[in-house]
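# Report on the structure
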Amino acid sequence: MFSRKGTDIMSTTEPIRDIQKLLDFKNYYLNDKPNFRNYTIITLGLNTALRISDILNLTYDDVYQDKKVRKHITVREQKTGKENRILLNREAKTALEQYRKVLVQTQMYKDGNPYLFPSPLKAYAPISRSQAYRMITSAAKAIGIEGHISCHSLRKTFGYHAWKQGCDPVVIMVTFNHSSLSITKRYLCIEQDEKDEVYRNAYRTTVA
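As the structure is a prediction and not an experimental result, all values here were calculated from the model.

Helix and strand counts for the protein chain come out as 13 helices and four strands. The C-alpha atoms of the protein chain give a radius of gyration of 18 Å, which matches the 17 Å a tight globule of 208 residues would have. Dimensions of the protein chain, computed from C-alpha atoms along their principal axes, come out at roughly 70 × 35 × 35 Å. The buried share of the protein chain, taken over its 208 residues, is 41%. The long-range share in the protein chain, meaning contacts at least 24 apart out of those at least 6 apart in sequence, stands at 55%. Approximately 12300 Å² of the protein chain is accessible, and the part contributed by carbon and sulfur atoms is 51%. Here the protein chain holds 33 positive side-chain charges and 21 negative ones, and the gap between their average locations is 3 Å.

Structure representation (C-alpha coordinates):
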(Lines give C-alpha, C1' and ligand atoms only; values in the text may rest on other atoms or scores of the structure.)
Protein backbone atom coordinates (compact mmCIF):
# COMPACT_ATOMS: atom_id res chain seq x y z
CA MET A 1 0.00 0.00 0.00
CA PHE A 2 1.22 3.48 -0.82
CA SER A 3 1.87 5.86 2.04
CA ARG A 4 -0.01 9.14 2.12
CA LYS A 5 3.25 10.88 1.34
CA GLY A 6 3.79 8.63 -1.69
CA THR A 7 0.27 9.34 -2.93
CA ASP A 8 0.84 13.09 -2.67
CA ILE A 9 4.08 12.82 -4.64
CA MET A 10 2.33 10.81 -7.37
CA SER A 11 -0.50 13.35 -7.58
CA THR A 12 1.91 16.27 -8.08
CA THR A 13 3.70 14.59 -10.98
CA GLU A 14 2.92 16.56 -14.11
CA PRO A 15 2.64 15.80 -17.81
CA ILE A 16 4.90 17.60 -20.28
CA ARG A 17 2.48 20.02 -21.89
CA ASP A 18 4.61 22.09 -24.26
CA ILE A 19 5.04 20.32 -27.61
CA GLN A 20 8.51 21.68 -28.34
CA LYS A 21 9.73 20.81 -24.84
CA LEU A 22 8.24 17.36 -25.30
CA LEU A 23 10.09 16.85 -28.59
CA ASP A 24 13.35 18.07 -27.06
CA PHE A 25 12.86 15.78 -24.06
CA LYS A 26 12.03 12.77 -26.20
CA ASN A 27 15.08 13.28 -28.40
CA TYR A 28 17.54 14.21 -25.64
CA TYR A 29 19.07 10.72 -25.53
CA LEU A 30 19.00 10.49 -29.30
CA ASN A 31 20.75 13.75 -30.16
CA ASP A 32 22.15 15.59 -27.13
CA LYS A 33 23.44 12.74 -24.98
CA PRO A 34 23.17 9.62 -27.14
CA ASN A 35 21.97 6.55 -25.26
CA PHE A 36 19.61 4.40 -27.29
CA ARG A 37 18.44 2.37 -24.29
CA ASN A 38 17.28 5.53 -22.52
CA TYR A 39 15.73 6.89 -25.70
CA THR A 40 13.76 3.69 -26.16
CA ILE A 41 12.48 3.67 -22.58
CA ILE A 42 11.21 7.23 -22.95
CA THR A 43 9.69 6.50 -26.37
CA LEU A 44 7.84 3.47 -25.01
CA GLY A 45 6.58 5.42 -22.02
CA LEU A 46 5.28 8.25 -24.18
CA ASN A 47 3.62 5.93 -26.70
CA THR A 48 2.14 3.10 -24.62
CA ALA A 49 1.00 4.78 -21.36
CA LEU A 50 2.53 1.89 -19.44
CA ARG A 51 3.77 2.47 -15.92
CA ILE A 52 7.55 2.47 -15.67
CA SER A 53 7.48 -0.74 -13.60
CA ASP A 54 5.69 -2.53 -16.43
CA ILE A 55 8.10 -1.14 -19.04
CA LEU A 56 11.14 -2.28 -17.08
CA ASN A 57 9.68 -5.76 -16.64
CA LEU A 58 9.22 -6.33 -20.37
CA THR A 59 11.34 -9.18 -21.72
CA TYR A 60 12.92 -9.58 -25.11
CA ASP A 61 10.29 -12.19 -26.04
CA ASP A 62 7.45 -9.88 -24.99
CA VAL A 63 8.51 -7.45 -27.70
CA TYR A 64 10.26 -9.42 -30.44
CA GLN A 65 9.32 -12.50 -32.43
CA ASP A 66 11.63 -13.95 -35.09
CA LYS A 67 13.85 -10.86 -34.70
CA LYS A 68 10.94 -8.58 -35.57
CA VAL A 69 8.96 -6.21 -33.36
CA ARG A 70 5.54 -7.58 -32.50
CA LYS A 71 2.47 -5.63 -33.62
CA HIS A 72 1.04 -5.80 -30.09
CA ILE A 73 2.53 -6.46 -26.69
CA THR A 74 0.56 -8.08 -23.88
CA VAL A 75 1.32 -6.91 -20.37
CA ARG A 76 -0.07 -8.05 -17.04
CA GLU A 77 0.04 -4.82 -15.10
CA GLN A 78 1.84 -5.12 -11.79
CA LYS A 79 -0.36 -2.60 -10.01
CA THR A 80 -3.78 -3.85 -11.16
CA GLY A 81 -3.06 -7.45 -12.11
CA LYS A 82 -5.05 -6.85 -15.30
CA GLU A 83 -3.91 -7.99 -18.71
CA ASN A 84 -3.42 -5.16 -21.18
CA ARG A 85 -2.91 -5.63 -24.93
CA ILE A 86 -1.20 -2.62 -26.49
CA LEU A 87 -0.62 -1.69 -30.10
CA LEU A 88 2.93 -0.56 -30.80
CA ASN A 89 2.60 2.50 -33.00
CA ARG A 90 5.07 3.50 -35.69
CA GLU A 91 7.27 5.58 -33.39
CA ALA A 92 7.52 2.83 -30.78
CA LYS A 93 8.21 0.16 -33.39
CA THR A 94 10.93 2.23 -35.09
CA ALA A 95 12.69 2.80 -31.77
CA LEU A 96 12.46 -0.89 -30.87
CA GLU A 97 13.76 -1.98 -34.26
CA GLN A 98 16.83 0.19 -33.83
CA TYR A 99 17.23 -0.70 -30.18
CA ARG A 100 17.39 -4.43 -30.94
CA LYS A 101 20.56 -3.84 -32.97
CA VAL A 102 22.12 -2.30 -29.85
CA LEU A 103 20.69 -4.80 -27.37
CA VAL A 104 21.95 -7.96 -29.08
CA GLN A 105 25.51 -6.63 -28.95
CA THR A 106 25.46 -6.18 -25.17
CA GLN A 107 27.14 -8.62 -22.83
CA MET A 108 23.96 -8.82 -20.75
CA TYR A 109 22.00 -10.15 -23.72
CA LYS A 110 24.78 -12.55 -24.66
CA ASP A 111 24.84 -13.82 -21.07
CA GLY A 112 21.15 -14.67 -21.28
CA ASN A 113 19.52 -11.78 -19.42
CA PRO A 114 15.92 -12.00 -20.73
CA TYR A 115 14.86 -8.42 -20.00
CA LEU A 116 14.36 -5.79 -22.67
CA PHE A 117 16.35 -3.33 -20.57
CA PRO A 118 18.82 -5.62 -18.77
CA SER A 119 20.75 -4.45 -15.74
CA PRO A 120 24.50 -4.13 -16.30
CA LEU A 121 24.98 -4.88 -12.60
CA LYS A 122 22.60 -7.75 -11.78
CA ALA A 123 22.23 -10.96 -13.76
CA TYR A 124 18.70 -11.79 -14.90
CA ALA A 125 17.29 -8.46 -13.77
CA PRO A 126 16.17 -5.26 -15.50
CA ILE A 127 17.57 -1.85 -14.70
CA SER A 128 16.10 -0.40 -11.52
CA ARG A 129 13.30 2.11 -11.21
CA SER A 130 15.76 4.50 -9.54
CA GLN A 131 18.00 4.31 -12.61
CA ALA A 132 15.02 5.11 -14.83
CA TYR A 133 14.03 7.99 -12.55
CA ARG A 134 17.52 9.52 -12.69
CA MET A 135 17.59 9.17 -16.46
CA ILE A 136 14.21 10.83 -16.94
CA THR A 137 14.75 13.68 -14.49
CA SER A 138 18.21 14.39 -15.90
CA ALA A 139 16.77 14.80 -19.39
CA ALA A 140 13.95 17.01 -18.14
CA LYS A 141 16.38 19.23 -16.22
CA ALA A 142 18.74 19.50 -19.19
CA ILE A 143 15.87 20.58 -21.46
CA GLY A 144 14.65 23.11 -18.91
CA ILE A 145 11.23 21.59 -18.24
CA GLU A 146 9.58 23.13 -15.19
CA GLY A 147 7.32 21.34 -12.75
CA HIS A 148 7.54 17.97 -11.05
CA ILE A 149 8.69 15.51 -13.73
CA SER A 150 9.14 11.84 -12.84
CA CYS A 151 8.78 8.40 -14.39
CA HIS A 152 5.01 8.74 -14.12
CA SER A 153 5.11 11.88 -16.26
CA LEU A 154 5.55 9.69 -19.35
CA ARG A 155 2.21 8.00 -18.72
CA LYS A 156 0.48 11.28 -17.88
CA THR A 157 1.94 12.97 -20.97
CA PHE A 158 0.45 10.26 -23.20
CA GLY A 159 -3.01 10.80 -21.73
CA TYR A 160 -2.77 14.57 -21.62
CA HIS A 161 -1.96 14.96 -25.32
CA ALA A 162 -4.43 12.24 -26.35
CA TRP A 163 -7.15 14.24 -24.57
CA LYS A 164 -6.03 17.57 -26.00
CA GLN A 165 -5.95 16.12 -29.52
CA GLY A 166 -9.57 15.05 -29.28
CA CYS A 167 -9.39 11.35 -28.46
CA ASP A 168 -12.57 9.99 -26.91
CA PRO A 169 -12.33 10.91 -23.22
CA VAL A 170 -14.15 7.72 -22.23
CA VAL A 171 -11.54 5.59 -23.99
CA ILE A 172 -8.77 7.48 -22.19
CA MET A 173 -10.60 6.97 -18.90
CA VAL A 174 -10.83 3.22 -19.55
CA THR A 175 -7.17 3.10 -20.61
CA PHE A 176 -6.18 4.54 -17.23
CA ASN A 177 -8.71 2.39 -15.35
CA HIS A 178 -10.42 5.41 -13.78
CA SER A 179 -14.00 5.39 -12.46
CA SER A 180 -14.98 8.82 -13.81
CA LEU A 181 -13.96 11.48 -16.31
CA SER A 182 -13.39 13.99 -13.52
CA ILE A 183 -10.74 11.69 -12.02
CA THR A 184 -9.04 11.36 -15.40
CA LYS A 185 -9.04 15.13 -15.94
CA ARG A 186 -7.57 15.71 -12.51
CA TYR A 187 -5.02 12.93 -12.98
CA LEU A 188 -3.87 14.41 -16.29
CA CYS A 189 -3.81 17.95 -14.85
CA ILE A 190 -6.48 19.01 -17.33
CA GLU A 191 -8.80 20.39 -14.65
CA GLN A 192 -6.08 22.85 -13.63
CA ASP A 193 -5.55 23.82 -17.28
CA GLU A 194 -9.26 24.58 -17.63
CA LYS A 195 -9.26 26.64 -14.42
CA ASP A 196 -6.22 28.57 -15.66
CA GLU A 197 -8.06 29.32 -18.91
CA VAL A 198 -10.94 30.88 -16.98
CA TYR A 199 -8.56 33.28 -15.25
CA ARG A 200 -6.64 33.93 -18.45
CA ASN A 201 -9.76 34.90 -20.40
CA ALA A 202 -11.54 36.86 -17.67
CA TYR A 203 -12.74 40.25 -18.98
CA ARG A 204 -11.03 39.66 -22.32
CA THR A 205 -13.99 41.18 -24.18
CA THR A 206 -14.53 43.97 -21.67
CA VAL A 207 -14.12 47.41 -23.18
CA ALA A 208 -11.69 49.48 -21.15
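Now that the structure has been shown, the text picks up again.
For the rest of this paragraph, the subject is the environment of Gly 45. Counting through the fold element by element, Gly 45 comes out in helix H4 (residues 36–48). Residue contacts for Gly 45: discarding those within four places in its chain leaves Ile 55, Leu 154, Arg 155 and Phe 158.

With respect to the helices and strands, Met 108 occurs in helix H8 (residues 107–110). Among all residues touching Met 108, those that are not within four sequence positions of it are Asn 113, Pro 118, Ser 119 and Pro 120.

What follows is about unusual backbone geometry. Outside of glycine, negative phi angles account for most residues, and trans bonds account for most peptide bonds. Positive phi, close to 55 degrees, is recorded for Tyr 124, a residue that is not glycine. Position of Tyr 124 relative to the elements: it lies in the loop between H8 and helix H9 (129–143). The exposure class assigned to Tyr 124 is exposed, which follows from its relative accessible area of 56%. Notably, Cys 189 is not glycine yet its phi reads approximately 65 degrees, a positive angle.

Here the structure, examined in full by the defined rule, presents six aromatic pairs. With a centroid separation of 5.3 Å and an interplanar angle of 40 degrees, the aromatic rings of Tyr 99 and Phe 117 are classed as tilted. With a gap of 18 residues between them, Tyr 99 in helix H7 (residues 90–103) and Phe 117 in the loop between H8 and H9 connect regions that are remote in the sequence. Ring centres of Phe 176 and Tyr 187 lie 5.4 Å apart, and the angle between their planes is 55 degrees; this geometry places the pair in the tilted category.

Between its first and last C-alpha atoms H4 spans 18 Å; for 13 residues at 1.5 Å apiece the expected length is 18 Å, and the two agree. Counting buried positions over the 13 residues of H4 gives 11, a clear majority of the element.

Right, let's talk about the pairing of strand S3 (residues 72–76) for a bit. In S3, alternate side chains face the same way, and those of Ile 73 and Val 75 are buried while those of His 72, Thr 74 and Arg 76 on the opposite face are not. Sheet topology note: the S3/strand S4 (residues 83–87) ladder contains five bridges and is antiparallel. In the strand pairing of S4, His 72 is matched with Leu 87. Following S3, the chain reverses through six residues before pairing antiparallel with S4; Gly 81 in that reversal takes a positive phi of roughly 75 degrees.

Let's shift gears to the confidence of the model for the protein chain. Averaged over the protein chain, the pLDDT score is 90; the fraction of residues at 70 or greater is 92%. This model gives residues 1–10 a pLDDT under 50, and the stretch forms five contacts once residues within four places in sequence are excluded.

A cluster of nonpolar side chains, namely Val 170, Val 174 and Leu 181, defines an oily patch on the protein surface of about 230 Å² accessible area. Looking at the element boundaries, Val 174 is found in helix H11 (residues 169–175). For Val 174, a relative accessible area of 55% puts it in the exposed group.

Rules of the game
Residues numbered from 1 in each chain as written. Predicted model: local features only at pLDDT ≥ 70, side-chain atom pairs only at ≥ 80, totals over all residues. Heavy atoms only, no water. Helix = DSSP H or I, 4+ residues; strand = E, 2+ residues; numbered from the N terminus. Rg over C-alpha atoms; globule rule 2.2 N^0.38 Å. Buried < 20%, exposed > 50% of the residue type's maximum accessible area, 1.4 Å probe, protein only. Contact = heavy atoms within 4.5 Å. Areas by Shrake-Rupley, 256 points an atom, 1.4 Å probe, with all protein chains shown as cover. Lys, Arg positive; Asp, Glu negative; His and termini not counted. Charge placed at Lys NZ, Arg CZ, Asp CG, Glu CD. Phe/Tyr/Trp six-rings, centres within 6.5 Å; stacked < 30°, edge-to-face > 60°. Expected span 1.5 Å × (residues − 1). Pairing = 2+ DSSP bridges. pLDDT = per-residue confidence, 0-100. Patch = residues over 30% accessible without salt bridge, like charges linked within 9 Å, V, L, I, M, F, W, Y side chains within 5 Å. Salt bridge = Lys/Arg side-chain N within 4 Å of Asp/Glu carboxyl O.

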